[in-house]
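Examination of the molecular architecture
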Amino acid sequence: MADTNLVDLAIKASQKAYVPYSHFPIGAAVRTKEGKVFTGCNIENASFGLTNCGERTAIFKAVSEGFTEFDEIAIYGTSEEPISPCGACRQVMAEFFEPSTQVTLISKNGKTLVTTVQDLLPYSFTNLN
Ligand code: THU
C-alpha cells in the first residue's frame with residue numbers, strides 16, 4: 001500500500017520543479033526511519049548533464065541533513081505511465097535504501113505502481129568489498 005500522504009507530498013513537490021528545457025516536472029517525497037519527510041523536485045541546467053533528478057534531490061536533502069536511513073519513497077512524474085526512475089536514481093536508492101524498501105511510482109493521472117529498490121535495480125553494485 002502506498003502512503004497517500006507521501007504521494008500527495010511528491011505531487012506537491014513537482015510544482016517546484018525547475019524544468020525550462022524538458023517541461024517535465026518530477027516530484028519526490030522520502031520518509032526517513034525517524035519519520036521525517038524530505039521532498040525534492042528536478043532541477044535542470046542549460047548544461048543539460050548537470051540536471052538533478054527529483055528523487056535524488058529529495059534523498060540528497062535528507063542525507064545532507066544527517067538522515068541516511070529510509071523507509072519509503074514516492075516519486076511522481078508527468079508521464080502517462082507511472083514514472084520510471086533513471087538509472088542514476090536507482091543506483092542512489094540502492095546506496096541508501098534496504099533492497100526491500102517500498103518505492104511508489106505515480107503517473108500524471110495518478111496511476112500508481114508499488115515496487116521495491118531490489119526490483120528496480122537487481123544485482124546492484126553496493127560497496128567496494
Ligand atoms: N527526471 C527525474 O527527475 N527523475 C527521473 O527518474 C527521470 C528523469 C527528470 C530529469 C529531467 O529534468 C527530466 O526528468 C527529463 O529527463
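Please refer to the structure placed before this passage.
First, a word on scope: everything that follows refers to the structure included in this document. Quick caveat, the model's predicted, so the values are computed rather than measured. (Residues numbered from 1 in each chain as written. Predicted model: local features only at pLDDT ≥ 70, side-chain atom pairs only at ≥ 80, totals over all residues. Heavy atoms only, no water.)

This brings us to the pairing of strand 1 (residues 26-32). In terms of burial, strand 1 is a largely internal element, 7 of the 7 residues being buried. Going residue by residue along strand 1, you find Ile-26, Ala-28, Val-30 and Thr-32 tucked away on one face and Gly-27, Ala-29 and Arg-31 tucked away on the opposite face as well. Across 7 bridges, strand 1 lies against strand 3 (residues 70-77) in antiparallel orientation. Across the sheet, the residue bridging to Val-30 is Ile-73, located in strand 3. In this sheet, strand 2 (residues 37-41) lies alongside strand 1 in antiparallel orientation, the contact comprising 5 bridges. If you follow Val-30 over to strand 2, its bridge partner there is Phe-38. Hairpin connection between strand 1 and strand 2: a loop of 4 residues separates the two successive antiparallel strands, and Gly-35 in this loop has a positive phi of roughly 90°. (Buried < 20%, exposed > 50% of the residue type's maximum accessible area, 1.4 Å probe, protein only. Helix = DSSP H or I, 4+ residues; strand = E, 2+ residues; numbered from the N terminus. Pairing = 2+ DSSP bridges.)

Turning next to unusual backbone geometry. One non-glycine residue, His-23, adopts positive backbone phi at about 55°. Mapped onto the secondary structure, His-23 falls in the loop between helix 1 (4-14) and strand 1. With phi around 50°, Tyr-123 is a residue other than glycine that occupies positive phi space. By the element assignment, Tyr-123 lies in the segment after helix 4 (117-120).

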